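Survey of secondary and tertiary structure
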Amino acid sequence: AFKMMQKDLEFLFPEYSGAIEKRKMICLVLKRMNNSSTFVSKGGKSSTELGPYEWSVRNASIGNIIRRLNFMQAFPFMVVDLTGYTGKIDLNLSAGYSSIEQLNAALIKYGLKFEQQPVEQEILVIKDRL
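Report on the accompanying structure. (Residues numbered from 1 in each chain as written. Predicted model: local features only at pLDDT ≥ 70, side-chain atom pairs only at ≥ 80, totals over all residues. Heavy atoms only, no water.)

For the chain, the helix and strand inventory stands at three helices and six strands. Ordering the α and β elements of the chain from the N terminus gives α-β-β-β-α-β-β-α-β. Across its three principal axes, the chain shows a C-alpha extent of roughly 55 × 30 × 25 Å. Residues counted as buried form 35% of the 130 residues belonging to the chain. Long-range contacts, defined here as pairs at least 24 residues apart, represent 71% of the contacts in the chain between residues at least 6 apart. (Helix = DSSP H or I, 4+ residues; strand = E, 2+ residues; numbered from the N terminus. Buried < 20%, exposed > 50% of the residue type's maximum accessible area, 1.4 Å probe, protein only. Contact = heavy atoms within 4.5 Å.)

One turn of the α-helix equals 3.6 residues, which is why residues spaced by three or four share an orientation. Burial in helix H2 (residues 62-72) covers these residues: Ile62, Ile65, Ile66 and Leu69. All buried residues of H2 fall inside an arc of 100° around its axis, so they share one side. What points out from H2, more than 90 degrees from its buried face, is the exposed set Arg67 and Phe71. Next to the buried residues of H2 lie strand S1 (16-32), strand S2 (47-50), strand S3 (55-61), strand S4 (78-81), strand S5 (88-93) and strand S6 (112-128). Gln73 lies just past H2 and shows a positive phi near 55°. (Arc of directions from axis to C-beta.)

So, on to the environment of Val119. With respect to the helices, strands and loops of the structure, Val119 is situated in strand S6. Along the sequence, Val119 and Leu28 sit 91 residues apart, while their C-alpha atoms lie 9.1 Å from each other. For Val119, the residues in contact, after removing those within four places along its chain, are Arg23, Lys24, Met25, Cys27, Val29 and Val80.

Adjacent strands of a sheet pair through backbone hydrogen bonds, lying either parallel or antiparallel. Strand order in the open sheet formed by three strands is S2-S3-S5, with antiparallel pairing between adjacent strands. The strands lining the two open edges of the sheet, one partner per strand, are S2 and S5. On average, adjacent strands in this sheet sit at an angle of 20° to one another, irrespective of strand direction. Bridge count for S3 against S5 is five bridges, and the pairing is antiparallel. If you follow Ser56 over to S5, its bridge partner there is Asn92. Running at roughly 130° to S3, H2 makes contact with S2, S3 and S5 of the sheet. (Pairing = 2+ DSSP bridges. Axes fitted to C-alpha atoms, helices over the stretch in contact; angles between N-to-C directions.)

Purely geometric numbers; function is a separate question.
Okay, here's the thing in structure tokens:
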């Protein structure tokens, strides 16, 4: 998608150039605090409801949650998964993206937490050609 966007930018805006670069950025990182497996899915129909005050996740991947949070731009930083867990999860939280502190307090029972951390990310950088 970045490559297509880069070509479109060059065609539509010849006075600018676009390139994909790796840069260290402050991100909101989801981490495991321990080896707890309380979030492992029991199966069933997949659903992901991420509201500002509640989250209900059934049989979904952490990647799906991360993509949705980044798409919604729910947090001031890009959200990144560093849990290392690749299976499906179940979460039922009485906290959402309105407060990181409340969200982390609710995630404790699952052995998860969000924290700010610099992470190298690929981003699209647009520059003047002039």
